[in-house]
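Here's the letter readout for the chains.
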Amino acid sequence: MTRILLFAFIGLCLNFKTLAQCCAAGNPSSDGGALGMAKNSFSVSASFLHSYSDTYFEGDQESNWDYLKNTNFNFGLLNLDYGLTDKLKLSTELGYFIDKSIQYSFIDATRKASGLGDAAIGIQYNIDSYKEKLINISSSIKTTIPIGKFDQMDGNIILPIDIQPSSGSYKLKSSFMIHKGFFGSKFSISTLWSSEFSQRINTDRTNYKYGNLYNVAIKVSHLTSKKISSGVSLLLIHREKAGNKGMVINSTGGSFLSLQPSISYQLKNNYSVNSSVSIPVYKNVNGIQLTNKYMLAFGISKNFKLKTIIPQIDYTTLEYLNEKALFIDGICGMCKDRIEGIAYKVKGVKWAEWDLENKTLTLKFKDDLNEEKLAKTLAKGGHDNWLLKASEKAYQNLHSCCKYRSGH
């Protein structure tokens, strides 16, 4: 347990990603666990991953099979995310294997590979947000493109498929995620389901088809301080058997359960650094296979705001924001959208919720709130408020269903 905690808290992380792979070609499987981004926001992140495998399993038991001594890789990943709208996020990624190697047990020989892995493009859609219950639901789809070399050689020997930097296959992955926060609590919980399907590889030496991959992850996060957030994930991975030239490869695929502690630290100027460790706690493989021992991930990211935007709701930091409730007059759902939209344009506002029944706007904000500017903007938009009354001209510009004054 001490060893797990040590690895988990070596570094710091902001955005949760599920990363898992034993020994396979192409980029380690990744799922974006962060919520969608606000419109016109941009994020860049770079990560380093190290994986090591040295134990054979047969079914769910260790095996004394001794063909490979170990496999390992050091891998770099670059991610770019852009908020196209308040509901749609575009993402790209590019992977590079610094080195990837297998060491044999029966001879003193090591095979190595390096180079570009795969690229990917994806889109995430924010299906719905229930702010009153702190629930966010989103889905995504991602296409993987094999841009690196697949038939890489070590000297005059073609490397095995598992050691190739690129997967050599186009892949399609779909994901579905639910995030739930809790008012007055520093805890939140999220769950993610994903499935990945690969195109058959046709080359001079192979007609290979990776088994379909299915992931289920559950994560519990805790806001440890204003800048630090920690969490732990439970990840279930199931891969079906692969096939080659019409034959099923029996010693491929299986089910794996991993524990993934993580911690995040928010720096100034929207920078963050990150770290996590993935430790398998259960393995059940088909046939006899070399299995993963651990995977370490470290990274840094930065968020940019390309212009004035409605900020993304960060459920983990709401607990530490200032709060104020103000009277704003209105009468319908259109009024609600207008009032909240105006509030989000005020600098520092991170949360705005207008209640139709009591006509109260609840705000959560950093530092000070410019109440005078907010009151003027609301009055200009046609809404009487705690400080100012809207002019008759501004009021008459409202839609007919928004006329809240008696006699109109």
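Structure first, text after, so check above.
Just so it is clear, the model here is predicted, and its values are computed rather than measured.

Overview of the overall build of the chain
Link 1 in the chain: Counting its secondary structure elements, the chain contains four helices and 23 strands.
Link 2 in the chain: For the chain, with 408 residues in total, the buried portion stands at 47%.
Link 3 in the chain: The contacts of the chain with a sequence gap of at least 6 include a subset with a gap of at least 24, amounting to 64%.

Digging into the state of the cysteines
Link 1 in the chain: Throughout the structure, instances matching the rule amount to zero disulfides.
Link 2 in the chain: Cys 332 provides the cysteine sulfur closest to Cys 402, a residue in no disulfide bond, and the two sulfurs are 3.6 Å apart.
Link 3 in the chain: Residue class for Cys 402 comes out buried when judged on its relative accessible area of 0%.

Topic: the pattern of salt bridges
Link 1 in the chain: Taken as a whole and judged by the stated rule, the model has eleven salt bridges.
Link 2 in the chain: The shortest N-O distance in the salt bridge between Lys 142 and Glu 93 comes to 3.6 Å. Remark: Glu 93 occurs in strand S6 (residues 88-104) and Lys 142 occurs in strand S8 (residues 135-146); sequence separation between them is 49 residues. Judged on exposure class, the residue Lys 142 and its partner Glu 93 are both buried.
Link 3 in the chain: A salt bridge links Glu 372 to Lys 376, with the nearest nitrogen and oxygen atoms 3.2 Å apart. Residue Glu 372 and its partner Lys 376 are both found in helix H3 (residues 371-380); the two are separated by four residues, about one turn of the helix.
Link 4 in the chain: Take Lys 376: its relative accessible area is 47%, and that puts it in the partly exposed class.

Looking at the nonpolar core
Link 1 in the chain: Of all hydrophobic cores here, the largest spans 23 residues; its most connected members are Val 349, Ala 352, Leu 361, Leu 363, Leu 369 and Leu 374.
Link 2 in the chain: Listing elements by their share of this core, those giving two or more residues are helix H2 (333-344), strand S22 (349-355), strand S23 (360-365) and H3.
Link 3 in the chain: Membership of the second largest hydrophobic core comes to nine residues, among which are Tyr 56, Ile 102, Ala 109 and Ala 113.

Brief notes about unusual backbone geometry
Link 1 in the chain: We note that Lys 245 has phi near 55°; this positive angle belongs to a residue other than glycine.
Link 2 in the chain: Looking at where Lys 245 falls in the secondary structure, it is placed in the loop between strand S17 (242-244) and strand S18 (247-249).
Link 3 in the chain: Among the residues examined, Lys 245 registers a relative accessible area of 56% and is labelled exposed.
Link 4 in the chain: Here Lys 359, not a glycine, exhibits a phi torsion of approximately 55°, which is positive.
Link 5 in the chain: Tracing the sequence through the fold places Lys 359 in the loop between S22 and S23.

What about H3?
Link 1 in the chain: By the burial criterion, the buried members of H3 are Leu 374, Ala 375, Leu 378 and Ala 379. Looking down the long axis of H3, one finds its buried residues gathered within 130° of arc, a one-sided arrangement.
Link 2 in the chain: In this fold, the buried residues of H3 make contact with strand S21 (322-327), H2, S23 and helix H4 (392-396).
Link 3 in the chain: At the exit of H3 stands Gly 382, carrying a positive phi of roughly 100°.

Definitions and cut-offs
- Residues numbered from 1 in each chain as written.
- Predicted model: local features only at pLDDT ≥ 70, side-chain atom pairs only at ≥ 80, totals over all residues.
- Heavy atoms only, no water.
- Helix = DSSP H or I, 4+ residues; strand = E, 2+ residues; numbered from the N terminus.
- Buried < 20%, exposed > 50% of the residue type's maximum accessible area, 1.4 Å probe, protein only.
- Contact = heavy atoms within 4.5 Å.
- Disulfide = S-S within 2.5 Å.
- Salt bridge = Lys/Arg side-chain N within 4 Å of Asp/Glu carboxyl O.
- Core = buried A, V, L, I, M, F, W, Y, C linked by side-chain atoms within 4.5 Å.
- Arc of directions from axis to C-beta.

In short, shape yes, function no, at least from these values alone.
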